[in-house]
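# Structural description and commentary
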Amino acid sequence: MGSDARRWLLLVGVFLAAASMLGAVAGKDKGLHPEIFPLSVAAGVILSAVFLAEALGIAPALFEISLGFIVGLMGVHGATALDTLALVGSSAIMFFAGLEMDPSLIARTITRSLAIGFLSFFGPFALSTLALYLMNYPLRVSLLAATGVSTTSVAVVYAILYSTKQARTELGQTLLASTMVADVVSIVVFTVLVLRPGRLLFAYILALIVVPPLLGMLSKKMPRLGHESEVRIMLALLLSVILFSEAVGIHAVLFSFIVGLALSETASMRERALDKIGAVVFGFLAPIFFVTAGMDVAVAEPSRCWPIAAVLLATSYPSKILFTHAGLQLLMPSRELGLRAANLFAARLTMSSIIAFAGLKSGLMPPELAESILITAIIATLLAGSTSKIAVEEEEAYFSAEIIGHYS
């Protein structure tokens, strides 16, 4: 894309963002429809994020969260319709993440990916938990918030590796499998922390064990269906998972992820689902979630958030890089890996947003802490994304270009 086209897109994006902000301020107290007005503001934010992302080469989700956060500070928050769509969106993102997972990829590098992934998560997790606990937050809240700043975004890592032609190298495969491990660990820890013991808890655990293998088996035997039929089945399955999880009182991210993972083992289902369901998830549901998360989390005074965000960033960001680098050096000693390659793992957005949003909505997390998680996620992802592209390109000469698998 030429510089003139980027400049034009940037101007349009800035204009639409300004119009959305002005519309939010002007219509806030005018007695407009309580459901349609927040939806209209969210639509304006999403549209402006598209142009800004294309112009600057940055993930649209960063603009959706940031602009949604600004709108939230102006007093516009997600109503029932937006919150419902946001719940479906967060679960749909994890469902799609499960579909994109390649179990054979982790199996090929099981020892290294498990060790690096665990180090990458639990290093910053322990330090952030300690810092928050010393700041007088309850242990459960500290653990939950620490999970939000210790996760890793598989999507961001894959996008960077793919753009630098490293996704299929031995290094790229190991890094990608390790980020998958870190992401899965954060999902599991989050689910355990928000569990509410009750009569349906046993049914939930049983469903986690029985339903995914059954779905995987059925999907392998299912004949090819038409485009519309497959989309309907997927959406019905996703809504059923969300409804069951909500009935139990547990966020649907874990169940959605595991169901998606079970279906990813079926090659034909996986390819068609990625193409068709992806348009629904990332064209509609995911943007709604990110904007609503920004809106609803912005309920505390910014002056109360920045000190907490600074502490979380200082504990989680450097430790994420150092612990990941230590794991890479320990398990791949022949590779001349720099610290900036480990910086890939500091990119986080999706699970951080989900944890901040879910923690606030459930009452488990105070507003200033939820805001701080979102702020650190945006800053860390921007830093990791901007520096890691350079790092991977610089270190390309050190790594073998042998293709050891295909990740689609």
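Above this text you will find the structure in question.
Keep in mind that this is a model prediction, so the values were computed, not measured. (Residues numbered from 1 in each chain as written. Predicted model: local features only at pLDDT ≥ 70, side-chain atom pairs only at ≥ 80, totals over all residues. Heavy atoms only, no water.)

### Details of the overall build of the chain
In plain terms, the rule: Going along the chain from the N terminus, every DSSP run of H or I of four or more residues is numbered as a helix, and every run of E of two or more is numbered as a strand. Using a 1.4 Å probe on the protein chains alone, a residue whose accessible area is under 20% of its type maximum counts as buried, one over 50% counts as exposed, and one in between counts as partly exposed. Using the Shrake-Rupley algorithm and a 1.4 Å probe, accessible areas are obtained, with residue cover drawn only from the displayed protein chains.
Along the backbone of the chain there are 17 helices and zero strands. Put simply, the chain has 408 residues, and 55% of those count as buried. As displayed, the chain offers around 17100 Å² of accessible surface, 69% of which is attributable to carbon and sulfur atoms.

### Re the environment of A346
Which entries qualify depends on this criterion: Contacts are assigned to residue pairs that have any heavy atoms within 4.5 Å of one another.
Tracing the sequence through the fold places A346 in the loop between α15 (339-342) and α16 (350-362). Sequence-wise, A346 and K320 are 26 residues apart; in three dimensions their C-alpha atoms are separated by 6.0 Å. Once you skip the residues sitting within four places of it in the chain, A346 turns out to touch Y317, K320, A380 and A384.

### What to know about the packing of aromatic side chains
Inclusion rule: Under the pairing criterion, centres of Phe, Tyr and Trp rings, with the six-membered ring standing for Trp, must be within 6.5 Å; the plane angle then separates stacked pairs below 30 degrees from edge-to-face pairs above 60, leaving the rest tilted.
The tally for this structure, following the rule as stated, stands at 11 aromatic pairs. Considering the side-chain rings of F121 and F122, the 4.9 Å spacing of their centres and the 85° angle between planes classify their relative orientation as edge-to-face. Take F122: its relative accessible area is 34%, and that puts it in the partly exposed class. Taken together, the ring pairs in this structure connect F118, F121, F122 and F125 into an aromatic cluster.

### Side note on unusual backbone geometry
Backbone geometry places N136, a non-glycine residue, at a positive phi of 75°. Structurally, N136 can be placed in the loop between α6 (110-134) and α7 (139-148).

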